[in-house]
Amino acid sequence: MALFYIQGVPIGYVSVMLAMIASMGGFIFGYDTGQISDILLMKDFLLRFAQCGTPGDVATCAFSRVREGLVVSLLSIGTLIGALAGAPTADFLGRRRAMQVECLIFCIGVIVQITSDSEWAQFAVGRLVAGLGVGALSAAVPMYQAETAPPQIRGAMTATYQLFITLGILVAYCISIGTRDMSGAGSWRTVVGIGFIWPAILAGGIQFMPESPRWLAARGHIVEAQRALAVTRGVKAAEAEDDYIIRREVEEIRERVEFEKNMRAGWLDCFRFENKTLYRTFLGMTLQSLQQLTGANYFFYYGATIFTSVGISDSFVTQIILGAVNFVCTFGGLYIMEKFGRRIPLILGGIWQSAWLFVFATAGTAKNPQTHEGIGDLMIVSACMFIWGYAMTWAPGIWILIGETFPTRTRAKQGALATASNWFWNFLLAFFTPFIVGDIQYRYGYIFASCNLAGAVFVYFFLYESSDITLEAVDMMYNDPNCKPWNSRSWAPPGYANRRDLIERTRADQAKKPLAASQDPHLEKAERHSSATGSGVYEDPSSQQREKI
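The model shown is predicted, which means the values in this text are computed figures rather than measured ones.

Rules behind the numbers
Residues numbered from 1 in each chain as written. Predicted model: local features only at pLDDT ≥ 70, side-chain atom pairs only at ≥ 80, totals over all residues. Heavy atoms only, no water. Helix = DSSP H or I, 4+ residues; strand = E, 2+ residues; numbered from the N terminus. Buried < 20%, exposed > 50% of the residue type's maximum accessible area, 1.4 Å probe, protein only. 1 Å grid on protein atoms, 1.4 Å probe; cavity = no way out; pocket = protein on both sides within 12 Å on 5 of 7 lines; lining within 4 Å. Points joined across faces, edges and corners; volume = space filled by probe spheres on them. Salt bridge = Lys/Arg side-chain N within 4 Å of Asp/Glu carboxyl O. pLDDT = per-residue confidence, 0-100. Contact = heavy atoms within 4.5 Å. Patch = residues over 30% accessible without salt bridge, like charges linked within 9 Å, V, L, I, M, F, W, Y side chains within 5 Å. Areas by Shrake-Rupley, 256 points an atom, 1.4 Å probe, with all protein chains shown as cover. Expected span 1.5 Å × (residues − 1). Disulfide = S-S within 2.5 Å. Axes fitted to C-alpha atoms, helices over the stretch in contact; angles between N-to-C directions. Left-handed = near helix turned anticlockwise from the far one by under 90°. Nonpolar A, V, L, I, M, F, W, Y, C, P; charged D, E, K, R; others polar. Parallel < 35°, antiparallel > 145°, perpendicular 65-115°, else oblique. Phe/Tyr/Trp six-rings, centres within 6.5 Å; stacked < 30°, edge-to-face > 60°. Lys NZ or Arg CZ within 6 Å of the ring centre and 35° of its normal.

1. Describing the overall build of the protein
Then, number 1: Of regular secondary structure, the protein possesses 23 helices and six strands.
Then, number 2: Within the protein, the fraction of its 549 residues that count as buried is 60%.

As structure tokens, then:
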């Protein structure tokens, strides 16, 4: 039974549950990211793992730049490896089973961390092992959500991954402020140990969700793929065969699988020119790199340290405020990415973020924030305004695009390469930030501001608008020589006048009645084109293969 309707198309409750349960992978990511910022300042953690001038006197304890960088950044090395390993794992085991295995790996990393006693290297290695699971999940979850979601809510469903990242960060901050005054190792071991709960929820809950219909179809399980599509749309399995929307999507998937079944996809296939595969591989990798270069993790990894340096008496509380802004504003991102598509929010978001980072860097450079209270307040406000824009645009938008930009045959591997580039820059920033800040201090913000502007320009010239169409249609759009990134918002498959016409006719098809405007001259022209090419058959200019819409 349908839970609600979007553009006249039914959406089942399973779609909502799937988005929330799978997004626990993002919660794990966010929780592990958020906890380390506060753990680094906990007294017992400093006494055990930092370098102390006087043993037992926490006032003389501090981390060297190298040690602090490694403790924070080794998670990113693990995630980089995990993201690359996640692609073949997801292809071999299936999306759901792969996520369950990756949850187990994360738990092993948590065990290594909480059993650390006095060796900082063991704690760092535990973060590396946990990172293997986090990285693999970061590749598998958005892909699974995009492959399973109805096109009408694909953006919002995939964006819940980012929403749960922000929730995980916020929860980590809240738990840290609750445990910071605990005596002994319980202050930080409690924070790390609670991390067992989140993978348990994901591994258990995903068992009751449908497998990716596109993965099932690629293995020849067309009936199961149809059933998976039906359940996410709130259609009874017995009625799926008679549902026009489901039959059409199943046919698209089946024909795409038929087209690709004799084309084995290896890693080198991600770098071939055919079907704009190389273009899309570098597009995904660049977008993920630019997401890291927005500077968001500068605040999430080292926020407590930053706010202490600007004279804030309780940096833990400031971190919670920043985390709350990040979480709440991501809800706006779910709406914005569905309402306005992908390109416009990313372009405007890049400009907005750049402006506030310029304010942050200029304020911190102009006067000493520790001696000028107003400067410190301005820097906090500018950081919050930056996070506001980031949470509604670049944070959810990039994860959505990673799930919907690549063709089925190489989607897992291209997604893994893109996600790996995110983690590569994550590592570089996490490790080198203490060194860079030590040399140029708040002028670091100017670098991130410039990267945000570069991201806005890159999106305008290279990113295609992929909202409101199926994944198979996205593949066709990238291969249409008449479609350019700046005019892709109006593109639609042959047989439709434009993207709006596609939405209207889909709504009419679902209602099982003809669209009143179907005799519009533009539609008649589109229909004549469709008939001329074989009843909705599209000529792929790159491969010279024909595939049905």
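That was the structure; now back to the text.
2. Focus on empty space enclosed by the protein
Then, number 1: Enumeration over the complete set of coordinates arrives at four cavities of 30 Å³ or more.
Then, number 2: In this structure, the second largest cavity occupies an estimated 140 Å³ of space.
Then, number 3: Around the second largest cavity sit 14 residues that line it, and Phe29, Ile165, Gln292, Asn297 and Tyr390 are the ones nearest its centre.
Then, number 4: For the lining of the second largest cavity, the elements supplying multiple residues, two or more each, are helix H2 (24–39), helix H7 (154–179), helix H13 (277–292) and helix H14 (296–309).

3. Topic: the pattern of salt bridges
Then, number 1: The final tally for this structure, using the stated rule, is 17 salt bridges.
Then, number 2: Asp117 is the salt-bridge partner of Arg48, the closest N and O atoms lying 2.9 Å from each other. Here Asp117 lies in the loop between helix H5 (95–114) and helix H6 (120–148) and Arg48 lies in helix H3 (residues 43–49), a separation of 69 residues in the sequence.
Then, number 3: The partly exposed category is assigned to Asp117, whose relative accessible area is 46%.
Then, number 4: We note a salt bridge from Glu147 to Arg95, for which the minimum N-O separation is 2.9 Å.

4. Let's talk about the confidence of the model for the protein
Then, number 1: Here the protein averages 84 in pLDDT, and 87% of its residues register 70 or above.
Then, number 2: In the predicted structure, residues 513–549 sits below a pLDDT of 50 and forms 61 contacts with residues beyond four places in sequence or in another chain.

5. Some remarks on a nonpolar patch on the surface
Then, number 1: Nonpolar side chains collect at one region of the surface, where Tyr335, Phe340, Ile344, Leu348, Ile351, Phe358 and Leu453 lie side by side and expose about 650 Å² of accessible area between them.
Then, number 2: Sorting elements by how many residues they give to the nonpolar patch places helix H16 (residues 343–366) first, with four residues.
Then, number 3: Looking at the element boundaries, Phe358 is found in helix H16.

6. Examining H6
Then, number 1: For H6, with 29 residues, the first-to-last C-alpha span of 42 Å sits near the 42 Å given by 1.5 Å per residue.
Then, number 2: The buried fraction of H6 is high, at 23 of 29 residues.

7. Structural notes on unusual backbone geometry
Then, number 1: Positive phi, close to 60 degrees, is recorded for Asn275, a residue that is not glycine.
Then, number 2: Assignment of secondary structure puts Asn275 in the loop between helix H12 (244–260) and H13.
Then, number 3: Despite not being glycine, Asp468 has its phi angle at roughly 70 degrees, a positive value.
Then, number 4: On the secondary structure map, Asp468 appears in the loop between helix H20 (444–462) and helix H21 (471–478).
Then, number 5: Judged by relative accessible area, Asp468 falls into the buried class, the value being 18%.

8. Remarks on the state of the cysteines
Then, number 1: Under the criterion given, the structure shown has one disulfide.
Then, number 2: Disulfide pairing places Cys52 opposite Cys61 at an S-S distance of 1.9 Å. An S-S torsion of about 105 degrees defines the bridge between Cys52 and Cys61 as right-handed.

9. Comments concerning the environment of Ile197
Then, number 1: When you line up the elements, Ile197 lands in helix H9 (residues 197–205).
Then, number 2: Overall, the relative accessible area of 42% leaves Ile197 in the partly exposed class.
Then, number 3: Distance from Ile197 to Ile28, taken between C-alpha atoms, is 9.4 Å for residues 169 residues apart in sequence.

10. Some remarks on the packing of helix H4 (residues 65–93) against H6
Then, number 1: Direction vectors running N to C along H4 and H6 enclose 35 degrees, while the axes themselves pass 5 Å from each other. For the element pair H4 and H6, the recorded crossing hand is right-handed.
Then, number 2: Across the contact of H4 with H6, the residue classes break down as 20 nonpolar, six polar and two charged.

11. Side note on the packing of H13 against H20
Packed helix pairs are characterised by how far apart their axes lie and by the angle those axes make with each other.
Then, number 1: Packing of H13 against H20 leaves a shortest axis separation of 10 Å and a crossing angle of 155 degrees. As far as their axial angle goes, H20 and H13 are roughly antiparallel. Of the two possible hands of crossing, H13 and H20 adopt the one that is left-handed. Residues Tyr279, Leu283, Thr286, Leu287 and Leu290 of H13 form the contact with H20, whose own contacting residues are Cys451, Gly455, Phe458, Val459, Phe461 and Phe462.
Then, number 2: Taken together, the residues of the contact of H13 with H20 break down into nine nonpolar, two polar and no charged.

12. A word on the packing of aromatic side chains
Then, number 1: What the rule picks out here adds up to 36 aromatic pairs.
Then, number 2: Both rings, one in Phe27 and one in Tyr31, keep their centres 6.4 Å apart while their planes meet at 10 degrees; by these two values the pair is stacked. Placement of both Phe27 and Tyr31 in helix H2 is noted, with a separation of four residues, approximately one turn of the helix. Take Phe27 and Tyr31: they sit in the same class, and that class is buried.
Then, number 3: Their ring planes at 55 degrees and their centres at 6.4 Å tell us that Phe432 and Phe435 sit as a pair that is tilted. With Phe432 and Phe435 both in helix H19 (residues 411–440) and three residues apart, this pair spans about one turn of that helix.
Then, number 4: The partly exposed category is assigned to Phe432, whose relative accessible area is 39%.
Then, number 5: What makes Phe435 partly exposed here is its relative accessible area of 24%.
Then, number 6: The ring of Tyr279 carries the charged tip of Lys276 above its face, separated from the ring centre by 4.6 Å.
Then, number 7: Positioned over the ring face of Trp267 is Lys413, at 5.9 Å from the centre of the ring.

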